[in-house]
Amino acid sequence: VDDVKDQSYFLCGLTQEQLKNVIFPVGGLSKAEVRRLAEEFQLPNRARPDSQGLCFLGKVKFEEFIGAYLGEGRGEVVDAGTGEVIGEHKGLWFHTVGQRRGMGGVLDVKKNSQGPWYVVRKDVEGNRLYVTNRYDEERFDGCRKEVGVEQIHWIE
């Protein structure tokens, strides 16, 4: 149970058939309790730092992993407020709505200093990435407060 880093979302892709025999042995413990027990039992991963990315990748960087499988598909980066093209991305799959980190690498140098910039929309058909440096404005509430999902299974 971790109120800060809940990762139970991955369960929504599983079916009841897949879940019926699953046991979560530490599911009722906080991360601090699990770390304390790992130390007490001298487990080999007891001092391992928290993962900040995709932990199953190991030391491989996210961009390298995605790039190896999906390649690149360059497209425009558009200021969602003005409609102005302000950069070029390497592929929509490298970006997530709400993302701020790494935006400097896809923006024109002059626009970079006007940030921070956030992803607010991905236009898959047009291969355009929409960003804004006015993320807190009401017109961008949707990208902060709504999410669309597909192929979800409700867990009983």
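Residues numbered from 1 in each chain as written. Predicted model: local features only at pLDDT ≥ 70, side-chain atom pairs only at ≥ 80, totals over all residues. Heavy atoms only, no water.

**Q** Looking at this structure, how should I read the overall build of the protein chain?
**A** A tally of regular secondary structure across the protein chain gives five helices and four strands. Starting at the N terminus and walking to the C terminus, you meet the elements of the protein chain as α-α-α-β-β-α-β-β-α. Buried residues in the protein chain amount to 22% of all 156 residues. Here the protein chain displays about 11900 Å² of accessible surface, and carbon together with sulfur accounts for 53% of that area. (Helix = DSSP H or I, 4+ residues; strand = E, 2+ residues; numbered from the N terminus. Buried < 20%, exposed > 50% of the residue type's maximum accessible area, 1.4 Å probe, protein only. Areas by Shrake-Rupley, 256 points an atom, 1.4 Å probe, with all protein chains shown as cover.)

**Q** It is not clear to me how the side chain of Gln 99 should be interpreted in this structure. Could you clarify?
**A** By the secondary structure assignment, Gln 99 is in the loop between strand 2 (85-89) and helix 4 (109-112). In this structure the side chain of Gln 99 is engaged in a polar contact, spanning 3.5 Å, whose partner is the side chain of His 95. (Polar contact = N/O pair within 3.5 Å; in protein donor to acceptor, adjacent residues only side chain to side chain.)

**Q** I keep staring at a nonpolar patch on the surface and nothing clicks. Help me out?
**A** There is a patch of nonpolar side chains on the surface, built from Val 147, Val 149, Ile 152 and Trp 154 and spanning about 490 Å² of accessible area. Following the sequence through the fold, Ile 152 ends up in the segment after helix 5 (141-145). (Patch = residues over 30% accessible without salt bridge, like charges linked within 9 Å, V, L, I, M, F, W, Y side chains within 5 Å. Salt bridge = Lys/Arg side-chain N within 4 Å of Asp/Glu carboxyl O.)

**Q** Please explain the pairing of strand 4 (residues 128-132) as it appears in this structure.
**A** When you tally the buried positions in strand 4, you get four out of five residues, the bulk of the element. Sheet topology places strand 1 (residues 75-79) next to strand 4; three bridges connect them, and they run parallel. What sits directly across from Val 78, in strand 4, is Tyr 130. Here five bridges tie strand 3 (residues 118-123) to strand 4, and the two strands are oriented antiparallel to one another. Residue pairing across strands places Arg 121 opposite Tyr 130, the latter belonging to strand 4. Hairpin connection, strand 3 to strand 4: the antiparallel pair is bridged by four residues, and Asn 127 has positive phi, about 55°. (Pairing = 2+ DSSP bridges.)

**Q** For this particular structure, what's the right way to read the packing of aromatic side chains?
**A** Working definition: an aromatic ring pair is given by the centre-to-centre distance plus the angle between the planes. Going through the model one piece at a time under the given rule, you end up with three aromatic pairs. With a centroid separation of 5.1 Å and an interplanar angle of 55°, the aromatic rings of Phe 65 and Tyr 69 are classed as tilted. Separated by four residues within a single helix, Phe 65 and Tyr 69 lie in helix 3 (residues 62-70), roughly one turn from each other. Take Tyr 69: its relative accessible area is 65%, and that puts it in the exposed class. Between the aromatic rings of Trp 93 and Phe 94, the centroid separation amounts to 6.3 Å while the plane-to-plane angle is 40°, which identifies the pairing as tilted. Taking relative accessible area as the criterion, Trp 93 reaches 32% and is therefore assigned partly exposed. We classify Phe 94 as buried; its relative accessible area is 7%. Directly above the ring of Phe 94 sits Lys 90, whose terminal nitrogen or CZ lies 5.3 Å from the centroid. The ring of Tyr 130 has Arg 121 sitting right over it, with the charged end atom 4.3 Å from the ring centre. (Phe/Tyr/Trp six-rings, centres within 6.5 Å; stacked < 30°, edge-to-face > 60°. Lys NZ or Arg CZ within 6 Å of the ring centre and 35° of its normal.)

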